Amino acid sequence: MTRSTHDWLWIAAFAILITFSVPWFLWGSTTVVAGLPVWLWWHIGWMGVATVVFALFTRYAWDRMMGVDPDASLEDGQPRGGENA
């Protein structure tokens, strides 16, 4: 399987999210903002960024990157994996 430019951009986005999820550059900092250490604010903000990126990924690239065929999930209007009661 060959990867498109969009695939490589998603891979890069997740690599960046992983790299900066731990604020290693703030270790040892004693700065406090609004009663919490600045490294904790970084982590809270970064988790917000990760949430937005993952939401975009699930909206635009999940099917292709996860190898899911969106048309194969329904057969004759019935969801796969169970019977309707």
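From a predicted model like this one, the values you see are computed outputs, not experimental measurements. (Residues numbered from 1 in each chain as written. Predicted model: local features only at pLDDT ≥ 70, side-chain atom pairs only at ≥ 80, totals over all residues. Heavy atoms only, no water.)

## Notes on the overall build of the protein chain
No. 1: A tally of helices and strands in the protein chain yields three helices and four strands.
No. 2: Reading the protein chain from its N terminus to its C terminus gives the helix and strand order α-β-β-α-α-β-β.
No. 3: Relative to its 85 residues, the protein chain shows a buried fraction of 14%.
No. 4: When the accessible surface of the protein chain is summed, it comes to about 6,800 Å², and 66% of that surface belongs to carbon and sulfur atoms. (Helix = DSSP H or I, 4+ residues; strand = E, 2+ residues; numbered from the N terminus. Buried < 20%, exposed > 50% of the residue type's maximum accessible area, 1.4 Å probe, protein only. Areas by Shrake-Rupley, 256 points an atom, 1.4 Å probe, with all protein chains shown as cover.)

## As for the environment of S21
No. 1: With respect to the helices and strands, S21 occurs in the loop between α1 (5-19) and β1 (32-33).
No. 2: Residues within four places of S21 in sequence aside, it is in contact with H43, W46 and M47. (Contact = heavy atoms within 4.5 Å.)

## Notes on the confidence of the model for the protein chain
No. 1: In the predicted model, the protein chain carries a mean pLDDT of 81, and 72% of its residues have values of at least 70.
No. 2: Confidence, expressed as mean pLDDT per element, reaches its minimum in the protein chain at strand β4 (residues 78-79) with 57 and its maximum at β1 with 92. (pLDDT = per-residue confidence, 0-100.)

## Notes on a nonpolar patch on the surface
No. 1: Taken together, the side chains of I16, F20, V22, W24, F25 and W27 present a nonpolar region at the surface, about 640 Å² in accessible area.
No. 2: Along the chain, V22 falls in the loop between α1 and β1. (Patch = residues over 30% accessible without salt bridge, like charges linked within 9 Å, V, L, I, M, F, W, Y side chains within 5 Å. Salt bridge = Lys/Arg side-chain N within 4 Å of Asp/Glu carboxyl O.)

## Section: the packing of aromatic side chains
No. 1: Under the defined criterion, the tally for this structure stands at nine aromatic pairs.
No. 2: Ring geometry for W10 and F57: centres 5.4 Å apart, planes at 70°, overall edge-to-face. With W10 in helix α1 and F57 in helix α2 (residues 38-60), this residue pair connects regions lying 47 residues apart in the sequence. For the pair shown, W10 and F57 are each scored as buried. (Phe/Tyr/Trp six-rings, centres within 6.5 Å; stacked < 30°, edge-to-face > 60°.)

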